Amino acid sequence: PRANEGVIEEGEYAFLDAKRHCQELQFCNGFSYQGVWSDKDRSSGLPRKVYFSSDANIGTKQGTQKWHSYIRKDNPRANCNPEGSQFECPANPYACLGLSIDADDSAIKQSYRALSKQFHPDKLAKSARTEQAVKEAERIFRDISESHEALRDHRKRRQIDQKLRKQRKQWEQQKASVQDLYIKETLLTSLEPESYPLLIPYAQEWLVHFFLPQNDDCKQMKMAMGRAAGELGTGEEERGAPRVRPTDRGVRFKQGDVFRGVLREKSVSLRTEGAGMAEGDIHIALLVLPDDRATLFVSGEELVMTMTVSSADGRPLVVLAGHGRTYQGRFDKAHPGWLRGTIEEVAKPGTDVASFAVRRDTWEPPEQQPDAQGSVAQTGVRRKPRLFGAVNCGRFPDFCKRKGADPSLPKRFPQLRMLFPDEVRFEIYRGRPLGRDVVAFAREASRASGEVLALDTPALVKLQAAPPTIWLLLLQLDTTKASLDCALCRSVLPAVRRTSPRLAAAQVQAGWVNCTADAQSCASLLGIPDDRGADGLKEVLAEWGALRLVELGKNLTSPEGAAPPRQAGVVPPALSFPLWDQQLLVGEPG
């Protein structure tokens, strides 16, 4: 924007403050800012760098940097319109005339006369009469004239009013649906499209609630999530090594330390010990860097700050400075893990404009202990914490739709998922919104996975020639795609993997067979006669497959009434017991 000679002033402003300031400036036609200023940042009062301009066309673009603009509306009543392109000129004729959508005939007539005189191309001064300025003036004057003609016609105006009322109702409903149920929950993280891919890798598993604020079941699931988070915790007791707590309170920072918490604009209440989160707080994180520096993560930005620590009254005073702001805070006496304080702007020294409170993230990965073979892999030992989150699908409908939680299908809510980033998989909780059921689901889904062997016909023949062993076999009939791309494999197979370590302790091995590729072998394992063929296999496996406990090995005889053994290939096992009624899972595997 500095390349634009029309810039008359610049500074750090919240969005509403910038609008008011532009109204007060005599020659301000609007202001420009870099990037997208979201509704959340606008309502929270987070300041940004803005450039006030006197030009009619203040939109600018330099290189790859994208700039957006706010055009001043001379009539303050136009600021009463809802935010959004559908309520701005030229989509909204009222906005083109600087009016709110409830303006009467006299206001329309008066505004048209004033604006048509002000923006008529012939009114341009000779010094400003460039080709671009003339085209811009013609565009503005054309929007004003067409809007006035549309509002003069009673039939067209009635259609415009009906459309705007409908859009305003939808806007109000959308605004009501963005309320965050979890804004005051300290144990849960509000995941947004920008932060989601950055935060997910920090945990070994996430328990995430995709919710709609107006859904009553989602509110009950919120209470169940609270119980699960309090009872399960981050899983420090599952790390395989005792946690070493810091004892030297004089050393407060070291490289790599992470602090997480919130920032509250236009309030100093967070500096008080014990103050908790409230609606409208902004989630922040602080990463300690070498050379007295730190990175502050706030509202999708990474701000590198200088950090100094001094001692006063026996308590360290921490000062973070940079990007037009200074953060000053101290550690709590009763809870030394909390750092809280106030924020002042460089332009307004001595005046506190906000407050913050962050807590040290005490999670540290356990030391790697090699096993007898020299490997450092430890099955069941936690390497990362268990974390809890929530995604507001009323506020981010497109993001939730991409994740498979479509807000237009309310029957799918509440939707609770256990995400495993390192394994690139997730499991969906399909039970009731009860805390004990959610805890049981999370504990079962978090169990360490073992090995489930994929058995084909040669492997089964080899096992039947070996000494007898007990197997838990998952027989899968995949009629669409080969291998593991099926609903069964995404739901039942992970459950078998989690069960295999416990089965191994009981001398039971686990495996699975693709009955699409090895239909004859599956028919033998199930004791299906040859004359029934593939139809008999489909009938037995039904919609998803079969789970059976069988004994495989040599010196086996066929049970009475079983199908005669085939001359080559897999023979029917002497012992075979079904463990699952597949009809229980028809239409909803897992």
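Quick caveat: nothing in here was measured; it's all calculated off a predicted structure.

Cut-off values and rules
Residues numbered from 1 in each chain as written. Predicted model: local features only at pLDDT ≥ 70, side-chain atom pairs only at ≥ 80, totals over all residues. Heavy atoms only, no water. Pairing = 2+ DSSP bridges. Helix = DSSP H or I, 4+ residues; strand = E, 2+ residues; numbered from the N terminus. Contact = heavy atoms within 4.5 Å. Axes fitted to C-alpha atoms, helices over the stretch in contact; angles between N-to-C directions. Buried < 20%, exposed > 50% of the residue type's maximum accessible area, 1.4 Å probe, protein only. pLDDT = per-residue confidence, 0-100. Salt bridge = Lys/Arg side-chain N within 4 Å of Asp/Glu carboxyl O.

Draft legend 1. Broad picture of the sheet that holds strand S22 (residues 546-552). One open sheet accounts for 5 strands, arranged S19-S21-S20-S22-S23; its pairing is mixed. The sheet is open, and its two borders are formed by strand S19 (453-454) and strand S23 (576-578), each paired with just one other strand. Strand direction decides the pairing type here: strand S20 (residues 469-476) and S22, joined by 7 bridges, are antiparallel. Counterpart to Trp471 in the pairing with S22 is Val550. On the sheet, helix H13 (residues 519-526) packs against S20, strand S21 (508-514), S22 and S23 and is oriented at approximately 125 degrees with respect to S20.

Draft legend 2. Unusual backbone geometry, seen in detail. Following Phe413, the chain continues to Pro414 via a peptide bond in cis, the omega torsion being 0 degrees. Inspection of the secondary structure puts Pro414 in the loop between helix H9 (397-402) and strand S17 (415-420). A positive phi angle is found at Lys266, which is not glycine, with a value near 55 degrees. As for its placement among the helices and strands, Lys266 is situated in the loop between strand S8 (258-265) and strand S9 (282-289). Exposure remark for Lys266: the relative accessible area of 66% places this residue in the exposed category.

Draft legend 3. Up close: the sheet that holds strand S18 (residues 425-429). The 5 strands are arranged S6-S16-S7-S17-S18 in an open sheet whose pairing can be described as mixed. The open sheet has two free edges, formed respectively by strand S6 (189-190) and S18, since each of these has just one partner strand. With 2 bridges joining them, S6 and strand S16 (residues 386-392) adopt parallel strand pairing. Across the sheet, the residue bridging to Ser190 is Ala390, located in S16. Against the sheet, helix H8 (residues 216-232) touches strand S7 (205-211), S16, S17 and S18, its axis set at about 165 degrees to S7. Taken strand by strand, helix H10 (residues 435-445) contacts S7, S17 and S18, and its axis lies near 155 degrees from that of S18.

Draft legend 4. Geometry of the confidence of the model for the protein. A residue-level look at the protein finds 73% of positions with pLDDT of 70 or above and a mean pLDDT of 76. In the predicted structure, residues 479-487 sits below a pLDDT of 50 and forms 16 contacts with residues beyond four places in sequence or in another chain. Taken as a whole, residues 582-590 scores under 50 in pLDDT and shows 18 contacts with residues more than four places along the chain or in a different chain.

Draft legend 5. Quick look at the pattern of salt bridges. Enumeration according to the criterion identifies 18 salt bridges in this entry. For Asp332, the salt bridge identified is with Arg340, shortest N-O distance 3.1 Å. With respect to class, Asp332 is no different from Arg340; both count as buried. Note that Arg502 is salt-bridged to Glu444, the shortest N-O span being 3.4 Å. With Arg502 in helix H12 (residues 487-505) and Glu444 in helix H10, this residue pair connects regions lying 58 residues apart in the sequence.

Draft legend 6. H13, seen in detail. Most of H13 sits inside the fold, with 6 of its 8 residues counted as buried. Just beyond H13, the residue with positive phi is Gly527, at close to 70 degrees.

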